[in-house]
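Survey of secondary and tertiary structure
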Amino acid sequence: MVKTSATALLLCFLTLTANAGVTLGGTRVIYHEVSASASITLENNDPQPYLIKSQVLAASAIPGAEVIAPPFSLIPPLFLLPGKRQNKIRLIADDSKLAKGKESLFDLTIGVIPSSETKLTANSVQIAIRSHLKLIYRPKNLPGSPQEAYRKLSWHRTQQGVSVKNPTPFYATLFNVIVNGQPVSEPGVVAPYSERELRWCHGVSRCDIRLQSIDDFGGILAVKQVDFVSSQSGSR
């Protein structure tokens, strides 16, 4: 069980605060094509109930992600989570609308309303607290390992800064990115079989990049360092 702590905020862009009393059973959701569904567990640690409202959005807020209309149904999309109880949100995908040869990324949002604010209107629900988790749809029989995707990235210097190419069918999450000694805010991802242009190191000859990634279970992977000097590049 993953509590909504500072670590969780980094791992899955979680914005659900600890005082809400709700914890999530994971840092991200991996939906395997071979499965009929995927699910995420919510636990209410408080005695008071919370109203839970969930939806799947396109990953437009994640830098570098491919924007795709989400073909998912959520069961239940809206429910009351009693105090000291658990419940699951089940996701069911329309596989016919998803790519078969590469992963697809979406934004799973879970909104929480304290019991004092659980007043529904006909058309909307006001969300007091919202968390965002990455939802990754993974087709079967993809070659390679998702944990190795960030190590397979190919980096090149450009006039605008750098470009990074992902030759794998998996999403590569960029995490704890340090460029010339400075942390990068919201570095995002590199989509499968895509190339992304970045303005890192723009206008300077030295370009030292250090980064990590995150595995399916929210674990932080080992540091990979890529060094560039002028127009020459190398990685280790």
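Residues numbered from 1 in each chain as written. Predicted model: local features only at pLDDT ≥ 70, side-chain atom pairs only at ≥ 80, totals over all residues. Heavy atoms only, no water.

**What about the overall build of the protein?**
Secondary structure assignment for the protein yields one helix and 19 strands. Within the span of the protein, comprising 236 residues, buried residues form 47% of the whole. (Helix = DSSP H or I, 4+ residues; strand = E, 2+ residues; numbered from the N terminus. Buried < 20%, exposed > 50% of the residue type's maximum accessible area, 1.4 Å probe, protein only.)

**Considerations on the sheet that holds strand β16 (residues 194-198)**
Taken together, the three strands give an open sheet; going across it, the order is β10-β11-β16, and neighbouring strands pair in antiparallel fashion. The sheet is open, and its two edges are formed by β10 (154-157) and β16, each paired on a single side. Neighbour-to-neighbour, the strand axes of this sheet turn through a mean angle of 20°, independent of strand direction. In terms of strand pairing, β10 meets strand β11 (residues 162-166) through four bridges, oriented antiparallel. Bridged to Trp 155 within β11 is Val 164. (Pairing = 2+ DSSP bridges. Axes fitted to C-alpha atoms, helices over the stretch in contact; angles between N-to-C directions.)

**Concerning the pattern of salt bridges**
Summed over all chains, the structure comprises five salt bridges. Two residues, Glu 33 and Lys 100, come together in a salt bridge whose shortest N-O distance is 3.2 Å. Of this pair, Glu 33 sits in the loop between β2 (28-32) and β3 (38-44) while Lys 100 sits in the loop between β7 (86-93) and β8 (104-114), and the two are 67 residues apart along the sequence. With relative accessibility at 16%, the residue Glu 33 sits in the buried group. (Salt bridge = Lys/Arg side-chain N within 4 Å of Asp/Glu carboxyl O.)

**Brief notes about the side chain of Ser 104**
Within the secondary structure, Ser 104 sits in strand β8. Classification of Ser 104 as buried rests on a relative accessible area of 2%. Those residues in contact with Ser 104 that sit more than four places away from it in its chain are Ile 68, Leu 98, Ala 99, Leu 135, Ile 136, Tyr 137 and Tyr 171. (Contact = heavy atoms within 4.5 Å.)

**As for the sheet that holds strand β1 (residues 22-24)**
Neighbouring strands of a sheet are bound in pairs by backbone hydrogen bonds; such pairs are parallel or else antiparallel. Here four strands make up an open sheet; going across it, the order is β1-β3-β7-β5 and the pairing antiparallel. Looking at which strands have only one partner, the edges of the open sheet turn out to be β1 and β5 (72-75). Pairs of neighbouring strands in the sheet enclose a mean axial angle of 25°, with direction left out of account. Both β5 and β7 contribute to a ladder of four bridges, which runs antiparallel. The residue bridging Ile 75 from the neighbouring strand is Arg 90, located in β7.

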